[in-house]
Amino acid sequence: MGWRTVVISQHAKVSYSGRKIVVQTNDATHQVPIDDIQILLVATTQAVVTATAITELSSSGAKIIFTGRDGNPACEVVDDYPGNRSLASIQQQVDWSTELKDTLWTTVVKAKIAMQIQSAELLGRDITDLKLEAQQIEFADQSNREAVIARKYFQKMFGQDFTRTDANATNAALNYGYSLLLSAVNREIVCNGYLTQFGVHHHNAMNDFNLGSDLMEPFRPVIDYWVAHQKFNELTADVKFGLVELLNLELEYNGHVTILRNALTKHVQNCLNFMSNPKQSLEVKVVMCHEVPHNALISHV
């Protein structure tokens, strides 16, 4: 399992040779052991990635993300045939009962809202009304407290006039961060042998990542909190790299201190294990440590 994020940000050729990914730029040639790579982020449209590099990275379990001309993630490579996927696991996923899916969704939503409240509190916002709304959550969130709280939460984080539909740098950064988070969760789902298309709450026929959209929810406030801390007027390369670095942010997951990328691995495993064996309990508790992430695990080319 890889641990390094490699970012390609300039004109380059990415190829494969001898269990290494070779990145050739105008100035230098870089080599990275393929087994070290968890994510290859191609953050430019001026890069060429060979078919061999793509297939070898996919086979090793790495996620490849391509950005568009606007700099936002546009697509990613998903391994179609992971070695641990079976007809039995897919059939089980398709047959998940409504009650089981609602139980998981209830746990996920409560964890997400708890994180939103924590994020707003860390920024010194008044969270009284958020706590009151959180107390009204029902099984499967039938009253849609998630949406009510989200509307109030984003205004507390980014101002009373802020909406998620605005075309501004803040929303661009949030979307970029969410895309990276979703990609990391999708990678873990595929590695565990499940399909990303079949979710527990999200069920958009046009969304290939419904399950990833479900499971990532408790970690979205990490992106919100980081973006709210920054001062920027556009989605610059530095902002993008800062969002990539969040995968190395230290936090607590279910009482254990770890980094975000490892918490996502454990979280997806826990959720999928629960869906396979609902007799076991499911805990989802995320607590942020007030610490700036380091960039030691980022290779920027």
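1. So, the sheet that holds strand β6 (residues 47-49)
Item 1. Taken in spatial order, the 4 strands line up as β4-β3-β2-β6 in an open sheet, and their pairing is mixed. The open sheet is flanked by β4 (29-33) and β6, the only strands paired with a single partner. Between one strand axis and the next, the sheet turns through 20 degrees on average, direction left out of account.
Item 2. Bridge count for strand β3 (residues 20-25) against β4 is 5 bridges, and the pairing is antiparallel. Each residue of the ladder has a partner; that of K20, found in β4, is P33.
Item 3. The strands touched by helix α1 (residues 51-59) within the sheet are β2 (12-17), β3 and β6, with β2 carrying the most contacts at an inclination of about 60 degrees.

2. Describing the pattern of salt bridges
Item 1. Under the defined criterion, the tally for this structure stands at 10 salt bridges.
Item 2. Among the ionic contacts, a cluster of salt bridges with common partners joins K112, E146, E217 and R220.

3. Comments concerning the pairing of strand β7 (residues 63-67)
Item 1. A large share of β7 lies buried, amounting to 4 of its 5 residues.
Item 2. Relative to β7, strand β5 (residues 37-42) is paired through 4 bridges, and the arrangement is parallel. Bridging from a neighbouring strand, L41 pairs with I65 of β7.
Item 3. Relative to strand β8 (residues 73-77), β7 runs antiparallel, the two being bridged by 4 bridges. Residue I65 lies in a different strand from β8, and its bridge partner there is E76.
Item 4. Linkage of β7 to β8, two consecutive antiparallel strands, is achieved through a turn of 5 residues, within which G71 is found at a positive phi near 85 degrees.

Calculation notes
Residues numbered from 1 in each chain as written. Predicted model: local features only at pLDDT ≥ 70, side-chain atom pairs only at ≥ 80, totals over all residues. Heavy atoms only, no water. Pairing = 2+ DSSP bridges. Helix = DSSP H or I, 4+ residues; strand = E, 2+ residues; numbered from the N terminus. Axes fitted to C-alpha atoms, helices over the stretch in contact; angles between N-to-C directions. Contact = heavy atoms within 4.5 Å. Salt bridge = Lys/Arg side-chain N within 4 Å of Asp/Glu carboxyl O. Buried < 20%, exposed > 50% of the residue type's maximum accessible area, 1.4 Å probe, protein only.

Don't take any of this as a statement about function, it's just geometry.
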